[in-house]
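Results of the structural survey
Listed below are the residues making up each chain.
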Amino acid sequence: MTPVDRAVFVAAYSRLVADVWADPVRERALDRDPRALLAEYGLGLPEDVRVRVVRDVAEAAPDLEVQVSSWQQAATTGTFVLFVPALLPVAETELAEDELDSVVAGLDSSCACCCPCCCT
């Protein structure tokens, strides 16, 4: 696989996963016909290659290299394993006043009242 082919695959795979996370219609399409969904993202596979979807592998860290390897070896092994990691919720946390001050527009807390150009 050339670096360009790898980049094209990674970009298409990333879009597919993000869309499955964001769109219930895409999520159902993944369950119903993963081969057709892959093709919509330019990831067509030969008919003799079986597609196996592994979803919500929360206990395992996503490994892009494993996904790339599965794509590369699909024609040889006869199976493409499509990993769709779980979308973990973003934790909420409270910020202290000084932490909030440091976040304001990325400016020093002593100068959060105006544009950065006037405080130099």
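This structure is a prediction, so every number in the text was calculated from the model and none was measured.

Procedures and definitions
- Residues numbered from 1 in each chain as written.
- Predicted model: local features only at pLDDT ≥ 70, side-chain atom pairs only at ≥ 80, totals over all residues.
- Heavy atoms only, no water.
- Helix = DSSP H or I, 4+ residues; strand = E, 2+ residues; numbered from the N terminus.
- Buried < 20%, exposed > 50% of the residue type's maximum accessible area, 1.4 Å probe, protein only.
- Contact = heavy atoms within 4.5 Å.

Take L87: it is sitting in the loop between β2 (79–84) and α5 (97–103). Using a relative accessible area of 52% as the deciding quantity, one classes L87 as exposed. Along the primary structure L87 and V20 are separated by 67 residues, whereas in three dimensions their C-alpha atoms are 9.8 Å apart.

Moving on, we get to the side chain of S70. Tracing the backbone shows S70 in helix α4 (residues 64–77). Exposure remark for S70: the relative accessible area of 12% places this residue in the buried category. Contact partners of S70, with chain neighbours within four places excluded, come to T79, F80 and V81.

The subject of this paragraph is the environment of T77. By secondary structure assignment, the location of T77 is in helix α4. Through-space distance from the C-alpha of T77 to that of R50 is 9.3 Å; in sequence the pair is 27 residues apart.

To continue, consider the environment of V49. Positionally, V49 belongs in the loop between α3 (34–40) and β1 (50–55). On the basis of relative accessible area, V49 is assigned to the buried category, the value being 2%. Distance in space between the C-alpha atoms of V49 and T79 is 5.2 Å, their sequence separation being 30 residues. The contacts of V49, once residues within four sequence positions are left out, are R35, A74, A75, G78, T79 and F80.

What is shown is where atoms sit, not what they do.
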